[in-house]
Amino acid sequence: MALKFADLQNLYAHAFDTVIDVRSPAEYAEDHFPGAINLPVLDNEERARVGTIYVQESPFLARKLGAALVFRNAANHIEHSLSHHEGGWKPLIYCWRGGQRSGSFTWMLQQIGWRAEVVEGGYRSYRRLVKRYLYDDPLPHRLVALDGYTGTAKTDLLGHLKSRDVQVLDLEGLANHRGSLLGEMPGGQPSQKAFESALAAALNTLNPAHPVVVEAESSKIGARILPPSLWTALRAAPRIWISAPIAARSAYLASAYDDILSDADRLRERLSPLRVHRGHGVVDGWLALIDAGDKQALTRALMEQHYDLSYAKSNRSQNAEILAQVNIPTLDEAGLNDAAARIGQILGQL
């Protein structure tokens, strides 16, 4: 009998040794249960082939071919990927909707003697739970947002706070993007669904009875959209305003964004479209600094002539509560450690 999970907390607390996603590699890459491994019983090409036959020829012919492929691939997984498991191994299996792919594979594992079970509704039931958690239900956590101009090391501060056992949610880390025009990270961003899976999993590790510190963000981080429950909570969250001298911010950004600042062609490509907003003279000045290789001067010019102006404009439209202001004279380890200690004291008073 297939297993049904009432909510995400119940699913995350499953007692199975391994979660196996038997969907195609493309389906798995888009999104999957946290921690699931991929043992496809139909690869990308096989799935497309069976689907085409189902639509264009006959459901019966498609099922017959699909069954042959599923059992052939399942046998290969059992012989190789799963051969090391002992008799007491307990896997949880799912496919797209808890149908023939997961059902067939689970049956085979059960015949061997393994205590395999299948997820009722498959990935679609899991996705409905994620959507309900992030789109429909109010977020149960109390968020506190670190706010401040670009270059005040807010993301690094999250790491320092976490080392002090403060609950943090690193949205930029989950989205694999630094949240700005030049914020692309190696490897690219996860899909929207995968971002939401990671977000839901991270939130479920945090205790709603204690504050959760996040970085103040816009509704999008790169191309990933913050889901409604989180965005609503973030907009209402009280702020701790982080400030630092412009020279310290310039030095910090020159170091933190060195990969992008070292790629002159990519920089020109990203900055040139801002002529519409900042004018040709301003952007030409930036391009001259790129040609000169003066990274700190460039980061300072970008902050003074673009980022700070945009941040000030967006903040004027918000009425968030400011809990405290924390100035960091130097954005080095000592300065960030001291700031994290002060933020910890502020949070302890909430």
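Just above, that's the structure.
Thresholds, definitions, all that
Residues numbered from 1 in each chain as written. Predicted model: local features only at pLDDT ≥ 70, side-chain atom pairs only at ≥ 80, totals over all residues. Heavy atoms only, no water. Helix = DSSP H or I, 4+ residues; strand = E, 2+ residues; numbered from the N terminus. Buried < 20%, exposed > 50% of the residue type's maximum accessible area, 1.4 Å probe, protein only. Contact = heavy atoms within 4.5 Å. Pairing = 2+ DSSP bridges. Axes fitted to C-alpha atoms, helices over the stretch in contact; angles between N-to-C directions. Patch = residues over 30% accessible without salt bridge, like charges linked within 9 Å, V, L, I, M, F, W, Y side chains within 5 Å. Areas by Shrake-Rupley, 256 points an atom, 1.4 Å probe, with all protein chains shown as cover. Salt bridge = Lys/Arg side-chain N within 4 Å of Asp/Glu carboxyl O. Lys, Arg positive; Asp, Glu negative; His and termini not counted. Charge placed at Lys NZ, Arg CZ, Asp CG, Glu CD.

Caption draft 1: A look at the overall build of the protein chain. A tally of regular secondary structure across the protein chain gives 17 helices and eleven strands. Along the longest, intermediate and shortest principal axes, the C-alpha atoms of the protein chain span 65 × 50 × 35 Å. Put simply, the protein chain has 350 residues, and 45% of those count as buried. Sequence separation of 24 or more characterises 72% of the internal contacts of the protein chain that already satisfy a separation of 6 or more.

Caption draft 2: Local environment of the sheet that holds strand E11 (residues 322-327). If you walk across this open sheet you meet the five strands as E6-E7-E5-E10-E11, and the pairing is parallel. The open sheet terminates on both sides in strands that have one partner only, identified here as strand E6 (168-169) and E11. Strand direction decides the pairing type here: strand E5 (residues 143-147) and strand E7 (residues 212-215), joined by four bridges, are parallel. Paired with Leu143 across the bridge in E7 is Val212. Contacting E5, E6, E7 and strand E10 (239-243), helix H7 (residues 154-162) runs over the sheet at an angle of about 160 degrees to E7.

Caption draft 3: Up close: a positive patch on the surface. Residues Lys4, Arg97, Arg124 and Arg128 make up a contiguous surface patch of positive charge. Structurally, Lys4 is set in the segment before helix H1 (8-12). Using a relative accessible area of 65% as the deciding quantity, one classes Lys4 as exposed.

Caption draft 4: Structural view of the sheet that holds strand E1 (residues 18-21). Strand order across the open sheet formed by four strands is E2-E1-E3-E4, with parallel pairing between neighbours. Both edges of this open sheet fall to strand E2 (37-38) and strand E4 (117-118), since each of them pairs with a single strand only.

Note that all results are geometric; they support no functional claim without further evidence.
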